[in-house]
Amino acid sequence: MGSGIAQVSAAAGFKVVVREVNQGALDKGLGRIKKFLDDGVAKGKVTEEQRATTLGNLRGVTEFADMKDCDLIIEAIIENIDDKAAAYTALEKAVGAHCIFVSNTSSLCITELASKTQRPDKFGGLHFFNPVPLMKLVEVVRGLSTSQETYDALMEFSVKIGKEPITAPDKPGFIVNRLLIPYLLDAIRCYERGLGTKEDIDKAMKLGLGYPMGPLTLLDFVGLDTTYYIANIMFDEFKDPMFAAPTLLKRMVLAGKNGRKSGEGFYKYS
Ligand code: 3HC
């Protein structure tokens, strides 16, 4: 997610500082951006000039102190409140008072994350979708303490980077995952109960409804661990059985079958 957000921001002309935990992670993320741009040039979707401009606007660093001149910080750390809070504390020592903090969380409470900073009014959510350079939507999330000025700035930024923003409430899942997660969990339940083969369930939704991916392929794409994590947070908050993780999902995650990124989920990936 982080590399995709950095890429679209740089492509839109913003000077982007990408901070990663170490040089290895930085090289991996920047490598992903280069590959996407190279593929884009090969497909005729990206010009050589756009490629050069995007790469020229990106600077990779490993220290929070190197982010001192940033006006907007988009955090895309794993969904762990303590890790996020530790980063905010370090960042607040480095950046100016005007700097807006944003989390790309898909499920954590924006009001709670804002409360971990000294600038809750300058804190909001921007929820992007994978693959970020291709998916047009961004959910702009207002916490209880997000100021109107911050919300306006996030809407404006989203448009500037070529996205279509919508306003989402600070409730687990926002709008997209509130609808998507029950659908994905139900697809697993249907598969568990023998409604069809995984291929047929996917084909049904792809060809019958025109979805770009069937639900089990999409689960592998999003990550089974990620889906399990989001479902648990939503179940915790709403106590509604539609968010309860199916037994198969839990077992696949325990077995490390997390989808594409682990080489196997519902399908195998070489
Ligand atoms: N540079 C520029 N453009 C590129 C490109 C590149 N490197 N690679 C692909 N493209 C363009 C293609 O040219 C094509 O454009 P066109 O429509 O104008 O012809 C378009 O992007 C689609 O690319 P492909 O034809 O190569 O690929 P597919 O048609 O197989 O689409 C996909 C791939 C966009 C991933 C599609 O399968 C899809 O939309 N899947 C669903 C993804 C989804 O649902 N994401 C959200 C997940 S939920 C989430 O992220 C939230 C989290 O909280 C869980």
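Thresholds, definitions, all that
- Residues numbered from 1 in each chain as written.
- Predicted model: local features only at pLDDT ≥ 70, side-chain atom pairs only at ≥ 80, totals over all residues.
- Heavy atoms only, no water.
- Axes fitted to C-alpha atoms, helices over the stretch in contact; angles between N-to-C directions.
- Helix = DSSP H or I, 4+ residues; strand = E, 2+ residues; numbered from the N terminus.
- Parallel < 35°, antiparallel > 145°, perpendicular 65-115°, else oblique.
- Left-handed = near helix turned anticlockwise from the far one by under 90°.
- Contact = heavy atoms within 4.5 Å.
- Nonpolar A, V, L, I, M, F, W, Y, C, P; charged D, E, K, R; others polar.
- Buried < 20%, exposed > 50% of the residue type's maximum accessible area, 1.4 Å probe, protein only.
- Near = heavy atom within 4 Å.
- Polar contact = N/O pair within 3.5 Å; in protein donor to acceptor, adjacent residues only side chain to side chain.
- Areas by Shrake-Rupley, 256 points an atom, 1.4 Å probe, with all protein chains shown as cover.
- Domains from an automatic or database assignment.

Caption draft 1: Up close: the packing of helix α7 (residues 176-192) against helix α8 (residues 198-209). Remark: α7 packs on α8, axes separated minimally by 10 Å, with the N-to-C direction vectors making an angle of 140°. If you check the angle between α7 and α8, you find them oblique. Crossing hand, α7 versus α8: right-handed. Between α7, through Tyr183, Ala187, Cys190 and Tyr191, and α8, the contact on the second element is made entirely by Lys198, Ile201 and Met205. Split into classes, the residues belonging to the contact of α7 with α8 amount to six nonpolar, no polar and one charged.

Caption draft 2: Up close: the environment of Cys99. Note on placement: Cys99 falls in the loop between α4 (81-94) and β4 (100-103). You can call Cys99 buried: its relative accessible area is 0%. Between the C-alpha atom of Cys99 and that of Asp71, which follows or precedes it by 28 residues, the distance is 4.5 Å.

Caption draft 3: Spatial organisation of the site of the ligand. In the neighbourhood of the ligand, 21 residues make up the surrounding shell, with Phe36, Lys45, His127, Asn130 and Asn177 lying closest. Taking Gly40, its main chain carries an N or O atom lying 3.3 Å from a nitrogen atom of the ligand. With respect to the ligand, the side chain of His127 contributes an N or O atom lying 2.8 Å from an oxygen atom. Relative to its free-state accessible area of 1100 Å², the ligand is covered by the protein chains to the extent of 64%. Elements with a minimum of two residues in the shell around the ligand: α2 (23-43), α7 and α9 (215-222). Counting residues per element, the shell around the ligand draws most heavily on α2, which supplies four residues. Looking at the shell around the ligand, its residues break down into 13 nonpolar, five polar and three charged. Among the domains, domain 1 (2-168) and domain 2 (176-262) are the pair contributing at least three residues each to the shell around the ligand.

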